[in-house]
Amino acid sequence: MRLRLAAGEGFSPPTTEFFWQPLVGDGAFAFTRPMLLMVLSVAVIAPVMVFVAKRMQVVPSKGQFLTEGTYNFVRNSVGKDMIGAKEFRPFIPLLFTQFLLILVNNLFEIIPLLQFPTFSRIGFPVALTLVVFAVYHVVGMRRHGVGGYFKRMVPPGVPGWIVPLIFFLELITYFVTRPVTLALRLMANMFAGTLLLVVFALGGEYMLLEGSNLFVRVASLGSFALFVIMTFFEILVGFLQAYVFVLLTAFYIADSLAEEH
Amino acid sequence: MTGNLNVIGYGLAAIGPAIAVGLIFAAYISGVARQPESRGMLQPIAILGFALAEALALFGLVLAFIL
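Predicted model, so just to flag it, every value in this text is computed and none were measured.

A. Highlighting the interface of chain A and chain B. Contacts between the two partners involve 18 residues from chain A and, on the opposite side, 13 residues from chain B. Across the chain A/chain B interface, buried area totals approximately 1,400 Å², and carbon plus sulfur atoms make up 85% of it. Remark: the boundary between chain A and chain B carries zero salt bridges. Viewed at the interface, chain B and chain A are joined by two residue pairs in polar contact (both at pLDDT 80 or more).

B. Quick peek at the side chain of S220(A). Residues and elements named next belong to chain A. Looking at the element boundaries, S220 is found in helix α7 (residues 214-257). For S220, a relative accessible area of 1% puts it in the buried group. Contacts of S220, omitting those with residues within four sequence positions, involve G204, M207 and L208.

C. Examining the side chain of E234(A) more closely. All names here are of chain A. One can find E234 in helix α7. The buried charged residue E234 lacks any salt bridge, with R33 as its nearest oppositely charged partner at 14 Å. Every residue in contact with E234, bar those within four places of it in the chain, is listed here: E109, I110, G193 and L197.

D. The arrangement of the packing of aromatic side chains in detail. Residue and element names in this part refer to chain A. A complete count under the given rule lists 16 aromatic pairs over all chains for this structure. Aromatic side chains Y71 and F96 sit 5.2 Å apart centroid to centroid with 85 degrees between the ring planes, which places their arrangement in the edge-to-face category. Highlighted residues: Y71 in helix α2 (residues 62-83) and F96 in helix α3 (residues 92-107), separated in sequence by 25 residues. When its relative accessible area of 33% is taken as the criterion, Y71 is described as partly exposed. Using a relative accessible area of 13% as the deciding quantity, one classes F96 as buried. Through successive ring pairs, a cluster of aromatic residues spans F133, Y136, Y149, F150, Y174, F175, F251 and Y252. A cation over a ring is seen here: R178 above Y174, with NZ or CZ 4.7 Å from the ring centre.

E. Summary view of helix α2 (residues 15-34) of chain B. Residue and element names in this part refer to chain B. A rise of 1.5 Å per residue sets the reference length of α2, with its 20 residues, at 28 Å; its end C-alpha atoms lie 29 Å apart and thus fit the reference within 8%. The complete set of buried residues in α2 reads P17, V21, Y28 and V32. With its buried residues spanning 40 degrees around the axis, α2 presents them on a single face. Exposed and oriented more than 90 degrees from the buried face of α2 are I19, L23, A33 and R34. On the buried face of α2, the contacting elements are α1 (5-13) and α3 (39-66).

Each value, and the rule that gives it
- Residues numbered from 1 in each chain as written.
- Chains lettered and ligands numbered in written order.
- Predicted model: local features only at pLDDT ≥ 70, side-chain atom pairs only at ≥ 80, totals over all residues.
- Heavy atoms only, no water.
- Contact = heavy atoms within 4.5 Å.
- Buried area = accessible area lost by both parts, 1.4 Å probe.
- Salt bridge = Lys/Arg side-chain N within 4 Å of Asp/Glu carboxyl O.
- Polar contact = N/O pair within 3.5 Å; in protein donor to acceptor, adjacent residues only side chain to side chain.
- Helix = DSSP H or I, 4+ residues; strand = E, 2+ residues; numbered from the N terminus.
- Buried < 20%, exposed > 50% of the residue type's maximum accessible area, 1.4 Å probe, protein only.
- Lys, Arg positive; Asp, Glu negative; His and termini not counted.
- Phe/Tyr/Trp six-rings, centres within 6.5 Å; stacked < 30°, edge-to-face > 60°.
- Lys NZ or Arg CZ within 6 Å of the ring centre and 35° of its normal.
- Expected span 1.5 Å × (residues − 1).
- Arc of directions from axis to C-beta.

What follows is the structure in structure tokens.
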């Protein structure tokens, strides 16, 4: 038996239009909701970090303990393990800043009233990725020289006739695949997660308010329950994506620094 | 019934990365089960492999929306 959910219009699922939310103005120069959230995230992170750094104690307070834990996590299990104990130090500020910024902005997805992940708009991850892109190329070219940097893309011992092909593939990897996937991964994860939450919330609301009989209205509880479960799942995704982003950044830098490809 | 064929295409395209992610974590789990000390070393590798395999599914997701 088919349940008739509603007479008339029917449910229309949310589309990509959900992600375009201008606050002031419209068109290319509008001030949008993710822009406001990005400003807010910086306004939250910067004072907290300055405050914690100014009041360092031998016996750490709760806040200092949490901050140091996060810092140590990025420093040791990302920076030190991926780049190597000898050269990871100059990259710690970059990695730690990126991690915090991405983490806070991803958690905005599930904080009531904010509820919008900044990085679901492709412009924001592209900006972060451009920094990473510049860093790993400049670092590699400084280490090996511009010519040497391109030369070491081809591993030694490859037969001569196959060198152009390998070089071409490596060139695409370094200049197209890596930056594109880095930006797209973060954006698509936050985008998909938010869309899922919106679908469950709107679907539940529609079933509750417009349902044609009692059974459908009660069934909306299932939709709301899934909304709550997925919200917790999104916390995990937010952490994981921040971790993956800095992990890949460290991996690309380490790859540019390495003597052999 | 109306809808978009892109969504079916995306569903099919997601099978490959889904199997890949499953295989990666299966290998990670059996590695840790055999040698629990190796957990710290295997974790970044597993997450890295997961991220690379997942990228394919996300390409599909983005293309399903923009095409």
